Structure formats: C-alpha cells, structure tokens
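# Reading the structure
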Amino acid sequence: MKCIVLPDKFDYDGSQISSLWAYNSFGVQEDSIVVFRGACDVKIEHMIDLEDRRANESIWSEDMVSFIIEHFDSTDLKLIYARQRLFTAIVREYLAGIGIRTVREGDDLFLKGKKLTVSIASTSAVSQKIHFGINVSHEVYGNMKEAGIGNDEQVASFMQAVGEAYVREFEDIEKDLRK
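Residues numbered from 1 in each chain as written. Predicted model: local features only at pLDDT ≥ 70, side-chain atom pairs only at ≥ 80, totals over all residues. Heavy atoms only, no water.

### A few points about the overall build of the protein chain
Across its full length, the protein chain holds five helices and eight strands. Order of helices (α) and strands (β) in the protein chain, N terminus to C terminus: β-α-β-α-β-α-β-β-β-β-β-α-α. The C-alpha atoms of the protein chain give 15 Å as radius of gyration, which agrees with the globular expectation for 179 residues (16 Å, within 12%). The contacts of the protein chain with a sequence gap of at least 6 include a subset with a gap of at least 24, amounting to 70%. With an accessible surface of roughly 9500 Å², the protein chain has 48% of that area assigned to carbon and sulfur atoms. One way to put it: in the protein chain the 21 positive side-chain charges average out to a point 4 Å from where the 30 negative ones average out. (Helix = DSSP H or I, 4+ residues; strand = E, 2+ residues; numbered from the N terminus. Rg over C-alpha atoms; globule rule 2.2 N^0.38 Å. Contact = heavy atoms within 4.5 Å. Areas by Shrake-Rupley, 256 points an atom, 1.4 Å probe, with all protein chains shown as cover. Lys, Arg positive; Asp, Glu negative; His and termini not counted. Charge placed at Lys NZ, Arg CZ, Asp CG, Glu CD.)

### Topic: the sheet that holds strand E7 (residues 117-123)
Here five strands make up an open sheet; going across it, the order is E1-E2-E3-E8-E7 and the pairing mixed. The outermost strands of the open sheet, each flanked by one partner alone, are strand E1 (2-5) and E7. Within the sheet, the average angular offset between the axes of one strand and its neighbour, ignoring direction, is 25°. Alignment of E7 against strand E8 (residues 128-137), held across seven bridges, turns out to be antiparallel. (Pairing = 2+ DSSP bridges. Axes fitted to C-alpha atoms, helices over the stretch in contact; angles between N-to-C directions.)

### Details of unusual backbone geometry
As a rule of thumb, non-glycine residues mostly have phi less than zero, and peptide bonds are mostly trans rather than cis. Within the chain, leucine 20 stands out as a residue other than glycine whose phi angle is a positive 65°. Within the secondary structure, leucine 20 sits in the loop between E1 and helix H1 (21-26). Relative accessible area serves as the criterion here: at 32%, leucine 20 is assigned to the partly exposed category. You will see that lysine 112, though not glycine, has its phi angle at about 55°, which is positive. As for its position among the elements, lysine 112 is in the loop between strand E5 (108-111) and strand E6 (114-115). (Buried < 20%, exposed > 50% of the residue type's maximum accessible area, 1.4 Å probe, protein only.)

Right, dumping it as structure tokens:
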C-alpha cells in the first residue's frame, strides 16, 4: 500500500472517489491513500450518499484535509465500510494522542458536539473507495483549528502521520495473514 501526501493545495469535488483516480492522476497501480488539503465542494453529480442527494444537501468546506483510499482486493461493500470505520478510529486515536478528545459515531467524529468529519465509502467493479474529510476551518462545523491544530506545519504533520498509520495497519495485517 502506498501513501502519497500532495504538497500543494488540491480541492475535493467528489470526482476523486471514482475508481482508479490515483492511477489516472499519479500512476499509482496499488492500494493507496492520497492525502491533500484544499477546499471541498461536492457537486450533486458526484454525491454518492443517496440521503444527501435526495435532501439536496451540500458538502462544502473552505479548508479541508481529504484522504482518498482505494483497495483492489475486494468489491465487498460491507468490507469497505468496516475499513472506513477502522480509518475513523485511526484518526480518533491520533487526535487522542495529541490531547484532542473526540466522540465517534459510526464513521463520523465530533468535537465538542460539532461534526468534525465527512466520510463516504463505495465500491466499483474494480475497487473499494473511501473519502474521509476533516475540516481545518469551518464556521458551522467542528474544525481542527478549534481543536488546536491550527498552523500549516501541524496540519501537514497530521496528514502525513495519519496516512502512514493507515498504511502500517495494512502492512501489519498482511504480515499477520502470512504467519
């Protein structure tokens, strides 16, 4: 599994949840997690969650860290939802390790009663995908600045550490499978 942290701002519009995005964009032909920071504005045509689509909800943030995860070993929807929750737990564990207390409800994290994250999981004919976003700044929802992760260096460290933690988890699983 490969972790790529993009050094420059990159906006999330929902199209990145499509299969083979990491391959088409960066030539990555293996399981991957691509991490980037930028605005988030998911258009209705890229909205996967049918409840959000039916309610004409918007998914928007002026500054969000996005994690795009793709696995090629299965197209099982239940498995990718389990992986999505594992990823959420990894993020929560990282935040707890630096003294930030969050509450997890399914695939969402809350900070002081405010929703801190957005996440979706899906499958295609060739892979499983997850988008997990965490607000860096947002007036309505919880955000990393409120939690004390406000400067660019802290956010970059968070991006790298969480991406690498997910990769390590899967490398460890692969080792355990071969014991």
